[in-house]
Amino acid sequence: MNTNANSNPIIYEENARDRGALLVKCPDRPGIVAAISKFLADRKANIVESNQHSSDPQGGTFFIRVEFECPQLNEKRAAMEAEFESLAESFSMDYRFTYRADRKRTAIFVSKETHCLLELLWEWQSGDLPTDIVMVISNHEEARGMVEALGIPFYYIPANKDIRKQVEEKQIALLKEKQIDVIILARYMQILTSDFVSEFPDKIINIHHSFLPAFIGARPYERAYARGVKLIGATSHYVTNDLDEGPIIEQDIERVNHRDHVADLKKIGRSIERRVLARAVKWHLEDRVIVHENKTIVFE
């Protein structure tokens, strides 16, 4: 099995290079879907999936994701994007084209706890995360062996609040050098500064071991136990400069009761964290997420 970091054992569909997606948000009004459909049909593109949502049909915002196949898409894409500009202007669209052939380059950040990292590596090995895992960065050494065993470069960069500025300068330079598209915080227990976050808007995905907005910040399981909660959960969200308040991509929960102590909550919580982060990452990689203000529209 090939486990090179830039070539995981994924089996591509035969038409992968002819598959693209168009994501749009704009003021809601009649004719948007018809105009997009006609534009694609005129260019011999076949729509294979279409999802849409309106925040309010009377003057709200309209969101749509259209996945399509088009023969020789790679040769046509530049012209297609240029030709779409006039249509987009007429509907005041905020839009982007994405292409299946353009695999995103991912960096994973992790600290001591490796359960979320392991889930991502398993999903990647299984072909369910369409990305190139270019590197893993950690402020601890615990994950080195499992990462390097898969041929993925591992960077040990010690970090704490006293050297945060120097550490982030080094991390940013490395991420830019490797042309990273997505940063996944797989239980990376360091707070990122506004300088770091501003370099990668809507490109940093975090897993918080709590069902936000409850128990923001550190030690959520201990606080949940003290509060006597009956549900615990996890939240995956984009990172912004407001701690644990970025646009939420995915959440999940499980029931607990008075018999469950902090250790039990953590064990249950790790299982939730793994699946929540993996789903959020997959949807981002497949370009199924539109960020609008501090919310997301997720076309699963």
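Conventions and cut-offs
Residues numbered from 1 in each chain as written. Predicted model: local features only at pLDDT ≥ 70, side-chain atom pairs only at ≥ 80, totals over all residues. Heavy atoms only, no water. Phe/Tyr/Trp six-rings, centres within 6.5 Å; stacked < 30°, edge-to-face > 60°. Helix = DSSP H or I, 4+ residues; strand = E, 2+ residues; numbered from the N terminus. Buried < 20%, exposed > 50% of the residue type's maximum accessible area, 1.4 Å probe, protein only. Lys NZ or Arg CZ within 6 Å of the ring centre and 35° of its normal. Pairing = 2+ DSSP bridges. Axes fitted to C-alpha atoms, helices over the stretch in contact; angles between N-to-C directions. Contact = heavy atoms within 4.5 Å. Expected span 1.5 Å × (residues − 1). Right-handed = clockwise from strand over helix to strand, strands pointing away.

Re the packing of aromatic side chains
Moving on, step 1. Using the criterion set out here, one finds seven aromatic pairs in the structure.
Moving on, step 2. Judged by centre distance (5.0 Å) and plane angle (80°), the ring pair of phenylalanine 39 and phenylalanine 84 falls under edge-to-face. Here phenylalanine 39 is found in helix α1 (residues 32–42), whereas its partner phenylalanine 84 is found in helix α2 (residues 73–90), with 45 residues between them in sequence. Of the two residues examined, phenylalanine 39 and phenylalanine 84, each falls in the buried class.
Moving on, step 3. Ring geometry for phenylalanine 84 versus tyrosine 95: centroids 4.9 Å apart, planes at 65°, classification edge-to-face. Placement of phenylalanine 84 in helix α2 and of tyrosine 95 in strand β4 (residues 94–99) is noted, with a sequence separation of 11 residues between them.
Moving on, step 4. Judged by its relative accessible area of 27%, tyrosine 95 falls in the partly exposed class.
Moving on, step 5. Through a chain of ring-to-ring contacts, the aromatic side chains of Phe39, Phe84, Tyr95 and Phe97 assemble into a single cluster.
Moving on, step 6. The lysine or arginine in question, arginine 43, covers the ring of phenylalanine 39, its NZ or CZ lying 3.8 Å from the ring centre.
Moving on, step 7. Sitting above the plane of the tyrosine 99 ring, arginine 77 keeps its charged end 3.9 Å from the centroid.

What to know about the sheet that holds strand β6 (residues 131–138)
Moving on, step 1. Strand order across the open sheet formed by seven strands is β7-β6-β5-β8-β9-β10-β11, with mixed pairing between neighbours. Both outer strands of the open sheet, β7 (154–156) and β11 (248–255), are each paired with one neighbouring strand and no more. Across this sheet, the average inter-strand angle for adjacent strands is 15°, counted without regard to direction.
Moving on, step 2. Bridge count between strand β5 (residues 104–110) and β6: seven bridges; the pairing is parallel. Looking across to β6, one finds that threonine 106 is bridged to isoleucine 133.
Moving on, step 3. Set on the sheet, helix α8 (residues 262–285) makes contact with β5, β6, β8 (182–185), β9 (204–208), β10 (231–238) and β11; between it and β11 the angle comes to about 155°.

Here's the deal with the sheet that holds strand β1 (residues 19–27)
Moving on, step 1. The strand order across the open sheet built from four strands is β2-β3-β1-β4, with neighbouring strands paired in antiparallel fashion. The outermost strands of the open sheet, each flanked by one partner alone, are β2 (46–54) and β4. Pairs of neighbouring strands in the sheet enclose a mean axial angle of 10°, with direction left out of account.
Moving on, step 2. Note: β1 against strand β3 (residues 61–69), nine bridges, orientation antiparallel. Pairing of cysteine 26 across the sheet is with phenylalanine 62, part of β3.
Moving on, step 3. Sitting on the sheet, α1 touches β1, β2, β3 and β4, and the angle it makes with β3 is about 20°.
Moving on, step 4. Against the sheet, α2 touches β1, β3 and β4, its axis set at about 170° to β4.

So, α8
Moving on, step 1. Its 24 residues give α8 an end-to-end C-alpha distance of 34 Å, which sits within 8% of 34 Å, the value for a rise of 1.5 Å per residue.
Moving on, step 2. Those residues of α8 lying buried are Leu265, Gly269, Ile272, Glu273, Val276, Leu277, Ala278, Ala280, Val281, Trp283, His284 and Leu285.
Moving on, step 3. The first or second residue beyond α8 is aspartate 287, which carries a positive phi of 55°.

Brief notes about the pairing of β6
Moving on, step 1. Where burial is concerned, most of β6 is hidden: eight out of the eight residues are buried.
Moving on, step 2. Of the crossover connections in this fold, the one passing from β5 over helix α3 (residues 115–125) to the parallel β6 is right-handed.
Moving on, step 3. In the sheet, β6 pairs with β7 via three bridges, with the strands oriented parallel. Within β7, the position partnered with serine 138 by the bridge is tyrosine 156.

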